[in-house]
Amino acid sequence: MDQVTFKGSSVKIKGTLPAVGTKAPDFKLTAGDLSTKQLADFLGKRVILNIFPSIDTGTCAASVRAFNQKASSLDNTTVVCISRDLPFAQGRFCAAEGIENVVVLSEYKDSSFSDAYGVKFIDGPLEGLLSRAVVVLNENNEIIYTEQVSEVTEEPNYDAALAVL
């Protein structure tokens, strides 16, 4: 079990991020058209998994905007933004913000992602939502970088995540 803080108070996460050097666990997430997306859908591309509690918060929205901007200059790389928000809310946010360079996926139907990646809050005010983390995969779906952000209200280290690519 991992632990982070939310506004300075300790909160627990069920599990830990998968280790660098291991194969990324498979998952089922829901796209805006309600289709199911799996890890295999991204095989052959480098993938940045931008994981966060809710697109309706300032820090989460900032991370989607930042990765959207940075993704436009990355070769053979897909940024996948993942939360438990409904796909409709994710879509409205992206449309309003002009977000076009990332894929947004929801875990609202199936918890296989948070179970495999160890990112679900199990206590505190955000219980049931996903913690803020970044996982970077190479073209073979091997994990080459992870960051579990220690304070939920802070943004991830974008430069470190991009540097491994």
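Since the structure is predicted, the reported quantities are computational estimates derived from the model, not experimental observations.

The rules behind each value
- Residues numbered from 1 in each chain as written.
- Predicted model: local features only at pLDDT ≥ 70, side-chain atom pairs only at ≥ 80, totals over all residues.
- Heavy atoms only, no water.
- Buried < 20%, exposed > 50% of the residue type's maximum accessible area, 1.4 Å probe, protein only.
- Helix = DSSP H or I, 4+ residues; strand = E, 2+ residues; numbered from the N terminus.
- Pairing = 2+ DSSP bridges.
- Right-handed = clockwise from strand over helix to strand, strands pointing away.
- Salt bridge = Lys/Arg side-chain N within 4 Å of Asp/Glu carboxyl O.
- Disulfide = S-S within 2.5 Å.
- Patch = residues over 30% accessible without salt bridge, like charges linked within 9 Å, V, L, I, M, F, W, Y side chains within 5 Å.
- Areas by Shrake-Rupley, 256 points an atom, 1.4 Å probe, with all protein chains shown as cover.
- Arc of directions from axis to C-beta.

Caption draft 1: View of the pairing of strand β6 (residues 77-83). Of all seven residues that make up β6, seven are buried, and the element is covered over most of its length. Burial of β6 is two-sided: the residues T77, V79, C81 and S83 facing one way and the residues T78, V80 and I82 facing the other way are all buried. The sheet contact formed by strand β5 (residues 46-51) and β6 spans six bridges and is parallel. When the sheet's bridge partners are listed, R46 is paired in β6 with T77. Tracing the backbone out of β5, into helix α1 (residues 58-71) and back to the parallel element β6 gives a crossover that is right-handed. As judged from the five bridges shared by β6 and strand β7 (residues 102-106), these two strands associate in the parallel manner. Bridging from a neighbouring strand, I82 pairs with L105 of β7. At this point the chain moves from β6, through helix α2 (residues 87-97), to the parallel β7, and the crossover so formed is right-handed.

Caption draft 2: Summary view of the pattern of salt bridges. This structure, assessed with the given rule, holds two salt bridges. Between E97 and R65 there is a salt bridge, and its shortest N-O distance comes to 2.8 Å. One end of the pair, E97, is in helix α2; the other, R65, is in helix α1, and 32 residues separate them in sequence. Taking relative accessible area as the criterion, E97 reaches 36% and is therefore assigned partly exposed. A salt bridge links E107 to R84; the shortest N-O distance between them is 3.1 Å. Here E107, found in the loop between β7 and α3 (112-117), pairs with R84, found in the loop between β6 and α2; they are 23 residues apart in sequence, far enough to count as distant. On the basis of relative accessibility, which here comes to 26%, the residue R84 falls in the partly exposed class.

Caption draft 3: The arrangement of the state of the cysteines in detail. Evaluated as defined, the whole model comprises zero disulfides. No disulfide involves C60; its sulfur sits 10 Å from that of C81, the nearest cysteine. C81 supplies the cysteine sulfur nearest to C94, a cysteine that is in no disulfide, at a spacing of 7.2 Å. Of the residues examined, C94 reaches a relative accessible area of 11% and is grouped as buried.

Caption draft 4: Broad picture of the sheet that holds strand β2 (residues 9-14). As summarised here, the arrangement of the three strands in space is β1-β2-β8, forming an open sheet in which the pairing is antiparallel. With one partner strand each, in any of the chains shown, β1 (2-6) and β8 (120-121) form the two edges of the open sheet. Relative to β2, β1 runs antiparallel, the two being bridged by five bridges. In the strand pairing of β2, V4 is matched with V11.

Caption draft 5: Representation of a nonpolar patch on the surface in the model. On the surface, a nonpolar cluster with roughly 360 Å² of combined accessible area is contributed by L34, L86, F88 and Y108. Relative to the elements of secondary structure, F88 occurs in helix α2.

Caption draft 6: Here's a closer look at the pairing of strand β10 (residues 143-148). Where strand β9 (residues 133-137) meets β10, five bridges bridge the pair, whose relative direction is antiparallel. Looking across to β10, one finds that A133 is bridged to Q148. In this structure, the hairpin formed by β9 and β10 is closed by a connection of five residues, where N141 is found at a positive phi of approximately 60 degrees.

Caption draft 7: A look at α2. Of all the residues in α2, the buried ones are P87, A89, Q90, F93 and C94. On an axial view of α2, the arc spanned by its buried residues comes to 165 degrees, and they lie on one face. Relative to its buried face, α2 has exposed residues pointing more than 90 degrees away, namely R92, A95 and A96. The positive-phi residue at the C-terminal boundary of α2 is G98, with phi of around 70 degrees.

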